[in-house]
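# Survey of secondary and tertiary structure
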Amino acid sequence: MALSTPDADALSAATLAARIHAGDHAAENELVLRYRRGLVLLLQRWTGDRALAEDLAQEALLIA
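Since this is a predicted model, take the numbers as computed values, not measurements. (Residues numbered from 1 in each chain as written. Predicted model: local features only at pLDDT ≥ 70, side-chain atom pairs only at ≥ 80, totals over all residues. Heavy atoms only, no water.)

### Let's talk about the packing of helix H2 (residues 25-47) against helix H3 (residues 50-63)
Packing of H2 against H3 brings their axes to within 8 Å, and their N-to-C directions diverge by 135 degrees. Classed by the angle they form, the pair H2 and H3 counts as oblique. Seen from above, H2 lies across H3 with right-handed handedness. Contacts from Leu 31, Val 32, Arg 36, Leu 39, Val 40, Leu 41, Leu 43, Gln 44 and Thr 47 in H2 reach Arg 50, Leu 52, Ala 53, Glu 54, Leu 56, Ala 57, Ala 60 and Leu 61 in H3. Class assignment for the residues of the contact of H2 with H3 results in twelve nonpolar, two polar and three charged. (Axes fitted to C-alpha atoms, helices over the stretch in contact; angles between N-to-C directions. Helix = DSSP H or I, 4+ residues; strand = E, 2+ residues; numbered from the N terminus. Parallel < 35°, antiparallel > 145°, perpendicular 65-115°, else oblique. Left-handed = near helix turned anticlockwise from the far one by under 90°. Contact = heavy atoms within 4.5 Å. Nonpolar A, V, L, I, M, F, W, Y, C, P; charged D, E, K, R; others polar.)

If you want it as structure tokens, here you go:
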């Protein structure tokens, strides 16, 4: 498994964003798979409520 670097992560995120902008639905799914867990954990920490964190994450990912 290759280690990622900040530059590689930024390039990967930029590539993912470009694919989503181009209408690639698989890239949309990849975005959710890549960022949902961390987003939920962060939101749960901020809100103290798992259900609310799940709802907020869903809304944020729909907007993204």
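### Here's the deal with the pattern of salt bridges
Evaluation of the coordinates by the stated rule reveals five salt bridges. Residue Glu 30 is joined to Arg 19 by a salt bridge in which the shortest nitrogen-to-oxygen separation is 3.0 Å. Highlighted residues: Glu 30 in helix H2 and Arg 19 in helix H1 (residues 6-21), separated in sequence by eleven residues. Judged by relative accessible area, which is 28%, Glu 30 ranks as partly exposed. Looking at Arg 19, the relative accessible area reads 28%, which means it is partly exposed. Arg 50 is the partner of Glu 54 in a salt bridge, and the nearest nitrogen-oxygen pair spans 3.1 Å. (Salt bridge = Lys/Arg side-chain N within 4 Å of Asp/Glu carboxyl O. Buried < 20%, exposed > 50% of the residue type's maximum accessible area, 1.4 Å probe, protein only.)

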